[in-house]
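Notes for the structure review
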Amino acid sequence: MFKKTAKHKARIFASQPYENYKTHRRAIRQAIQSVLENEQYILGPEVDAFEREFAAFIGVKYALGVASGTDALCLALRACGVERGDRVITVSHTAVATVAAIELVGAVPLFVDINPVTYNMDPGDLERTLKTYASSKSVARVKAVMIVHLYGQPAEMDRLVVIARKYGLKVVEDCAQAAGALFNGRRAGSLGDIAAFSFYPTKNLGALGDGGAVTTKNKQFAEKVRLLREYGWKKRYISSIPGMNSRLDELQAAILRVKLPFLDRENTRRGQIANYYTNHLKDVLIKVPIPASGTRPSYHQFVIQTYKRDSLRKHLQAAGIGVSIHYPAPVHLQPAYRGRVRMSPKGLPNTESISKRILSLPIFPELTAREIRFVAQKILAWCANQAD
Ligand SMILES: *Cc1c(COP(=O)(O)O)cnc(C)c1O
């Protein structure tokens, strides 16, 4: 049986945006064609329509298209009042963009540890860190907490938001991996003060180029993002505040409008793949992710843990299975940040130990049942060969 599967020369990608383009090819080509003839290429009718549709989908009043997820994070921080020198609490177990955005607006990241089961910010360590900073008087400079819904698993927002409010902090959500994820029936991106999304091609809602969005229920914050993303213009060519250029283009907005109506269905398919892995990878060597209660993840990644990670990774790669590690090093240990970033008084033990054990399995809506079965079989075969 294994001989047979090996013969078809498996080549299974970790994620494959081209497959999703093929799923929607005809509608995407039509959408692109009509933009080309529309005579407007930046911030036009397609962006307006996408912003309305995306806001409705997330369940907020405002969505603003911007040039990338990183820009969306920067603009969200600036819109809710984070200024140069302010501190922003976040996690180190995340895409580097989360932290880069905080520094790009001149603020100072302050890391707290994660819960190793949910992979997300640990409410207990958030509270501990704020208490420490409160007694050292510098808590006044902590302005916001940036909560990442990593791998599309919503963080424990109920507890985190209560703690943030107690200390008067703004809550910014990094939803780059969580488009469509639900927490107690509400979408990620509607749970804090303001949120950022990325439409990088590999994300659950992927454009065919760069793109991002900011979502919020707050009218002032929305207006600030609207000004900041285009030179602070209230009226064309007249800057009322100093701004920048971070615009979504019409082609990307038109492509996103084709894909948005299918996002829930595609996330459901990701959830089925996750269930298959969860139900079949029952081995003491493998820990599957456990979403926090009351959440429906978007399953951007399906990340298992095993203490023999590098051996499993080699085994799967040799079988033609694209696996990756999100992320091989926490941000605070990367050369650009090491030694100069601040963190929780207890350090970041969960963050540091998890990066040696994690492995992301292939998960995207177009994976076939046969491919998923092949991945699970290869993992179980590896488990069976581990003597001890
Ligand atoms: C992808 C990603 C970003 C950045 O988005 P870009 O569009 O690539 O700038 C930020 N945060 C997280 C968690 C991401 O996964």
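Presented here is an overview of the structure given in this document. (Residues numbered from 1 in each chain as written. Predicted model: local features only at pLDDT ≥ 70, side-chain atom pairs only at ≥ 80, totals over all residues. Heavy atoms only, no water.)

Section: the site of the ligand
Our working rule: Working definition: residue near molecule or strand if any one of its non-hydrogen atoms lies within 4 Å of it. As used in this structure description, the phrase polar contact means that two N or O atoms lie within 3.5 Å; if the pair is within protein, one of them must be able to donate a hydrogen and the other to accept it, and residues adjacent in sequence are counted only when both atoms belong to side chains. Here the accessible surface of atoms and residues is derived via Shrake-Rupley with a 1.4 Å probe, and residues count as covered only by protein chains that are part of the display. By the criteria applied, helices consist of DSSP H or I runs no shorter than four residues and strands consist of E runs no shorter than two, each listed in order from the N terminus. Each residue is assigned to one class: nonpolar for Ala, Val, Leu, Ile, Met, Phe, Trp, Tyr, Cys and Pro, charged for Asp, Glu, Lys and Arg, and polar for all the others, Gly among them.
Near the ligand lie 14 residues; those nearest to it are Gly69, Thr70, Asp174, Ser198 and Lys203. Thr70 places a polar side-chain atom, nitrogen or oxygen, 2.5 Å from an oxygen atom of the ligand. Gln177 places a side-chain nitrogen or oxygen 2.8 Å from an oxygen atom of the ligand. For the ligand, whose free accessible area comes to 390 Å², the fraction covered by protein is 89%. Listed by contribution, the elements that provide at least two residues to the shell around the ligand are helix 5 (69-79) and helix 6 (96-104). Ranked by residues supplied to the shell around the ligand, first place goes to helix 5 with 3 residues. The residue makeup of the shell around the ligand, split by class, is 5 nonpolar, 7 polar and 2 charged.

Description of the sheet that holds strand 8 (residues 194-198)
Heads up, the rule is: Two strands make a pair as long as DSSP finds a minimum of two bridges between them. The contact definition used throughout considers only heavy atoms, calling two residues in contact when any of these lie within 4.5 Å. For every element, the axis is a line fit to its C-alpha atoms; helices are fit only across the contacting stretch, and the angle between N-to-C directions ranges from 0 to 180 degrees.
Read across the open sheet, the 8 strands follow the order 1-9-8-5-4-2-3-14; overall the sheet is mixed. Looking at strand neighbours, the two that pair on one side only are strand 1 (62-66) and strand 14 (342-343), the edges of this open sheet. In this sheet, strand 14 lies alongside strand 3 (residues 108-112) in parallel orientation, the contact comprising 2 bridges. The residue bridging Leu110 from the neighbouring strand is Arg342, located in strand 14. This element, helix 9 (residues 219-228), spans strand 1, strand 5 (170-174), strand 8 and strand 9 (212-216) of the sheet and lies at about 15° to strand 1.

Here we look at the sheet that holds strand 7 (residues 186-187)
The pairing of strands in a sheet happens through backbone hydrogen bonds and is either parallel or antiparallel. With respect to topology, 3 strands assemble into an open sheet ordered 7-6-12, the strand pairing being antiparallel. The outermost strands of the open sheet, each flanked by one partner alone, are strand 7 and strand 12 (295-296). As paired strands, strand 6 (residues 182-183) and strand 7 are joined by 2 bridges and run antiparallel to one another. Across the sheet, the residue bridging to Leu182 is Arg187, located in strand 7.

Notes on the side chain of Gln252
The topology assignment puts Gln252 in helix 10 (residues 250-259). At 2.9 Å, the side chain of Gln252 forms a polar contact with the backbone nitrogen of Leu208. Dropping the residues within four chain positions of it, Gln252 is found in contact with Ala207, Leu208, Gly209 and Asp210.

What to know about the pattern of salt bridges
The following threshold applies: In what follows, salt bridge is the name for a side-chain nitrogen of Lys or Arg lying within 4 Å of a carboxyl oxygen of Asp or Glu. Think of it in three bands: residues with accessible area under 20% of the maximum for their type are buried, residues over 50% are exposed, and the middle band is partly exposed, with areas taken using a 1.4 Å probe on protein chains only.
What the rule picks out here adds up to 16 salt bridges. With a closest N to O distance of 2.8 Å, Lys346 and Asp113 form a salt bridge. Highlighted residues: Lys346 in the loop between strand 14 and helix 13 (349-354) and Asp113 in the loop between strand 3 and helix 7 (123-135), separated in sequence by 233 residues. Take Lys346: its relative accessible area is 34%, and that puts it in the partly exposed class. Accessibility expressed as a relative area gives 0% for Asp113, which makes it buried. Between Glu230 and Arg247 there is a salt bridge, with its nearest N and O atoms 3.0 Å apart. Residue Glu230 is located in the loop between helix 9 and strand 10 (233-235), and its partner Arg247 is located in the loop between strand 11 (238-239) and helix 10; the two are separated by 17 residues in the primary sequence. A residue is classified by how much of its surface remains accessible, and Glu230, at 16% relative accessible area, is buried.

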